[in-house]
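The residues making up each chain are set out below.
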Amino acid sequence: MTPIEIGILIGIVTVLVLAAGVPIAFGLGVVALGFLFYFQGADTFGILGEKFFGGIATFELVALPMFILMGAAVASSPAGRDVYLALDRWMNRVPGGIVISNIGACSIFAALSGSSPATCAAIGKMGIPEMRKRGVPDDLATGSIAAGGTLGILIPPSITMIVYGVATETSIGRLFLAGVFPGLMLTGLFIAWTWFVAWRRGVAFTDMKARFSLRERLEVLPKVLPLLLIVVGILYVLYGGVATPSEAAGVGAMFCLVLVAVIYRIWQPARIWTIFRDTTRESVMIMMIIAASELFGYMMSVLYVTQSVAEWIAVLEVNRWVLMFFINIFLLVAGCFLPPVAIILMTAPILIPIITNAGFDPYWFAVILTVNMEIGLITPPVGLNLYVINGIAPEIRLPVILRGAVPFILLMVLGIVILSIFPGIATWLPDYLMGPTG
Amino acid sequence: MDSFVRLVRATSMLCGILAVAALLAAVVVVCQMVVMRYFLGASTVWQTEFVTFAIVAATFIGAPYVLLHKGHVNVDLVPFYIPHRARLVLALFASGVSLVFCLVLAWYSWVYFHEAWTGGWTTETVWALPLWIPLLPLPIGMALLALQYVADILCLATGRDAPFGMRAEEAE
Amino acid sequence: ANVTLKASHQFPGGKGDVRDEMVQIMAREVDKANVGLKIQVYPGQSLYKAKEQWGALVKGQLDITAFPLDYASGRHPQFSATLMPGLVKNHEHARRLNNSEFMKDIKKIIEDAGAMVLADAWLAGGFASKKNCIVNPEDIKGQVTRAAGPAFEQMLAGAGASISSMASSEIYTGMQTGVLDATNTSSGSFVSFRLYEQVQCLTAPGEYALWFMYEPILISKQTWSKLNKKQQDALMAAARKSEEYFAGEAKKLDDKMVDVFKKAGVKVVTMNEQQYQAWLKIAKDTSYKHFSEKVPGGKELIEKALAVK
Ligand code: NA
Ligand code: NA
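Residues numbered from 1 in each chain as written. Chains lettered and ligands numbered in written order. Predicted model: local features only at pLDDT ≥ 70, side-chain atom pairs only at ≥ 80, totals over all residues. Heavy atoms only, no water.

Chemist: Sorry if this is basic, but what is going on with the overall build of chain B here?
Modeler: The number of helices and strands found in chain B is six helices and zero strands. Listing each helix as α and each strand as β along chain B from the N terminus yields α-α-α-α-α-α. Relative to the compact-globule value of 16 Å for 172 residues, chain B shows a C-alpha radius of gyration of 20 Å, a clear excess of over 25%. With respect to the three principal axes, the spread of C-alpha positions in chain B is 65 × 35 × 30 Å. Scored against the burial criterion, the 172 residues of chain B give a buried share of 48%. Expressed as a percentage of contacts within chain B between residues at least 6 apart in sequence, the contacts between residues at least 24 apart total 73%. For chain B, the exposed area adds up to about 7,500 Å²; of that, 71% sits on carbon and sulfur atoms. Looking at chain B, you have 8 positive and 10 negative side-chain charges, and the mean spots of the two groups are 7 Å apart. (Helix = DSSP H or I, 4+ residues; strand = E, 2+ residues; numbered from the N terminus. Rg over C-alpha atoms; globule rule 2.2 N^0.38 Å. Buried < 20%, exposed > 50% of the residue type's maximum accessible area, 1.4 Å probe, protein only. Contact = heavy atoms within 4.5 Å. Areas by Shrake-Rupley, 256 points an atom, 1.4 Å probe, with all protein chains shown as cover. Lys, Arg positive; Asp, Glu negative; His and termini not counted. Charge placed at Lys NZ, Arg CZ, Asp CG, Glu CD.)

Here is the structure:
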């Protein structure tokens, strides 16, 4: 069998094993073991322990549980509600004001959380009922939160960016910076769309009679301030020379724990335990996938599949944008079924040489990849954000949630197109702050 | 058999507590390191390794606990659309396959741990931590994970647990 | 029989890295020899991570590697002597060292562990700082420094530096953000990590350098014993070619670094004998002392290495 044929076989077996409902970590692991055993013999297993351990024993990955903890601490408090209610006092006379406030709150929370489902849950829990109370149609209410939640992995910190950085040996700090303006751009697109819908349908979804004085508007700001302070603090720690991403994440997590204890009085052991328990569950799940992907990647490399596929695509000599188009299609399809972390780890070794050879910037590509992953989070059949929303608002049927997500998916595709035409949106900030890459 | 399942679940629960403790320790030490390095200008020798290994330990020891709460994410699309009996078969297959992986990994990571132990291997830093210490959570965690899978398979086979957490009537 | 050997290393592939080129030369040479032997090169940690290579090699899972030997010092603490400050002064000295009693002992340990050396290679490196030129031990006092390997950390701490351990890929960001003041690493890394954009002064290896690292090409003994005589001979001949190539390139790496740094406006200095001796004195009180006390046979290794003039 040629490596390409083996690769196709690996693809088919992996799809079958994962479709059977095997947890992704163990599914990837067992496929790796099976192929290693069949083609290389059981002798290869002698290095399993070192590979599996080595897959996650790097200081860079420490940032992952730390940023999850940071988000979990803030999510356990009513900070999310405070943010969009504060925004609402400023936006309540704008068409779609409450929806726009929720999208804004999502993007602020995204700057504290590295995960999309967490962002979705933190804002949506109270945001969706509030929006429906004000007459926002179900599909717009859920769609805006599903899409707003995806900003969690684009606006730094971001779990997928950390994993991308570790997998491709790119700078995590630079990756974070690359996501800032694209994240703000998507926020802007979401808000513009919401405003347009509200304006066209001639509804404001808001209590137009309520008028807030400047004083009322100013007095809510202190509720948003602590969160903004943490965001600024993290950015300072990261880029002001205080610490590496992992250290910044650890300090940020501690900071958030203290903050919610002081401001929101969340210090009871039972509630702290809940924060840590939820963090542990999510980090363990992701870290196990990372460790298993290490075995999977090793198997692909030992059988020369990774290299052969990359060489095969290189000799095709297609136009680089045609190549990028098909990579996007591939990522979108993969994103429908698999969580972002698994996709990045499985495809990065093959994709990165291809895209750098084609002259694309790996940091720009990280952003494109992330937007693709974001879309995957709100498309069926496996869309984590959709399930989170289904959990928050069980009375809204899944087809309605899906319908609500469609315009936002199109907006994200538009975002990819804009980023392709103006790559500087992603690369300018890291270049400006950290100097251009070699 | 009930007592076996209860014992396994209690062990996995204990694993969860240990994993949380490791995470907590990592957070505290990261902050200590930042203070030492940037505010006191002191050398930091052991912290980077400690934090890395604490997170690794939390991962491996926490794995059985996460399984106990069905937290290892999977794609349950096919199971959702097939009849209940087929779903049960699939659930047994999925758990069986995972069990095989855990057992193989537990064994070979034990071998690795044992090599490090008998060889007196250390980490390549000034701290020179004996390598068996950070390696130990791997075989232990994987063995307990396998045990939790055995308990899960028992519960599936005897109808205590619904396959993929889906009851029969949901299929219709 | 046709045999395909897997060769792994951590350096960028096909971009002119000397160590990659050494392996590629071997691959081309054995291919030309037409003895049914092929070497498949996996560059840039695409098969094993840098530190995993040793374990895979001695287990027979990996056939060939270009490997910084110090990476396996956790398993064989004696290997730390191959990244020991001041033990090697310059490239000529390194070549004399290759056939010394010191290296015989090191190679014996390599063979007992299950591998053998195909080609020797010592790479030089230096110091760089954002603050001042580092030539005397006093120059580094109080600077937050990232060093390659514990022996250097011990010596630098002895000179009053504050040690910060981080991945080499983080050095640039560390310097840029001010987390790091100084670093010491290989000439190749200084260029590839573009540290000339960050530092004020570079201490390049001249007649007297502190930083040398042994990065030989190794083969698994299990693999070796499976090859027939013809294949073994072809491999050895290829290794000689690769070693010759390296001898011509080793110093060019340093020259290239100096060029690049000068062009970027960085001040470039070297150490004189007196400054070297001052460092050596600190090394003897710190890293050598620690090595002699903690490592079995460590004292003899240091003595044998220092005996090579
Ligand atoms: Na985020
Ligand atoms: Na999806």
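Chemist: Explain the side chain of Ser113(A) to me, please; I cannot follow it from the model alone.
Modeler: All names here are of chain A. Along the chain, the position of serine 113 falls in the loop between helix H6 (97-110) and helix H7 (116-133). At 3.2 Å, the side chain of serine 113 and the backbone nitrogen of serine 115 are in polar contact. Residues contacting serine 113, with those up to four places away along its chain left out, are Gly71, Ala118, Thr119, Gly152 and Pro157. (Polar contact = N/O pair within 3.5 Å; in protein donor to acceptor, adjacent residues only side chain to side chain.)

Chemist: For this particular structure, what's the right way to read the interface of chain B and chain A?
Modeler: Note: interface size is frequently given as the accessible area lost on complex formation between the parts. Between chain B and chain A, the contact holds 56 residues from the first and 52 residues from the second. Carbon and sulfur atoms make up 84% of the surface buried where chain B meets chain A, a total of about 4,800 Å² over both sides. Area buried by chain B at its contact with chain A is led by Val73(B), Val75(B) and Phe101(B), which between them contribute 15% of it. Remark: the boundary between chain B and chain A carries zero salt bridges. Applying the counting rule to chain B against chain A returns four residue pairs in polar contact (both at pLDDT 80 or more). Those elements that provide at least two residues to the side of chain B that touches chain A are helix H1 (2-39), helix H2 (47-68), helix H3 (77-81), helix H4 (84-119), helix H5 (132-135) and helix H6 (137-157) of chain B. Among the elements that line the side of chain B that touches chain A, the one with the most residues is H1(B), at 15 residues. The residue inventory of the side of chain B that touches chain A, partitioned by class, reads 45 nonpolar, 10 polar and one charged. (Buried area = accessible area lost by both parts, 1.4 Å probe. Salt bridge = Lys/Arg side-chain N within 4 Å of Asp/Glu carboxyl O. Nonpolar A, V, L, I, M, F, W, Y, C, P; charged D, E, K, R; others polar.)

Chemist: Explanation requested: the state of the cysteines in the structure shown.
Modeler: Put plainly, two cysteines are in a disulfide when a covalent bond ties their sulfur atoms together. Counted under the stated rule, the structure contains one disulfide over all chains. A sulfur-sulfur separation of 2.0 Å characterises the disulfide bridge that pairs Cys133(C) with Cys201(C). The sign of the S-S torsion, about 100 degrees, decides the handedness of the disulfide formed by Cys133(C) and Cys201(C): right-handed. With Cys133(C) in the loop between strand S5 (122-129) and strand S6 (144-147) and Cys201(C) in strand S9 (residues 201-203), this residue pair connects regions lying 68 residues apart in the sequence. Classification of Cys133(C) by relative accessible area gives buried; the value is 18%. Cys15(B) takes part in no disulfide bond, and the closest cysteine sulfur, belonging to Cys102(B), lies 13 Å away. Using a relative accessible area of 4% as the deciding quantity, one classes Cys15(B) as buried. With no disulfide of its own, Cys31(B) lies 11 Å from the sulfur of Cys256(A), the closest cysteine sulfur. (Disulfide = S-S within 2.5 Å.)

Chemist: When you look at the packing of aromatic side chains in this model, what are you seeing that I'm missing?
Modeler: Aromatic rings in a pair are described by how distant their centres are and how their planes are angled relative to each other. Enumeration according to the criterion identifies 39 aromatic pairs over all chains in this entry. Where Trp110(B) meets Phe113(B), the ring centres are 5.1 Å apart and the plane angle is 40 degrees; that geometry is what we call tilted. In this pair, Trp110(B) and Phe113(B) are both assigned in helix H4, three residues apart and thus about one turn of the helix distant. Through pairs of rings, three or more aromatic residues link up here, namely Phe26(A), Phe52(A), Phe60(B), Phe101(B) and Tyr149(B). Sitting over the face of the ring of Tyr363(A), Arg174(A) holds its NZ or CZ atom 5.3 Å from the ring centroid. Stacked on the ring of Tyr71(C), the Lys or Arg Lys51(C) has its end atom at 5.3 Å from the ring centre. (Phe/Tyr/Trp six-rings, centres within 6.5 Å; stacked < 30°, edge-to-face > 60°. Lys NZ or Arg CZ within 6 Å of the ring centre and 35° of its normal.)

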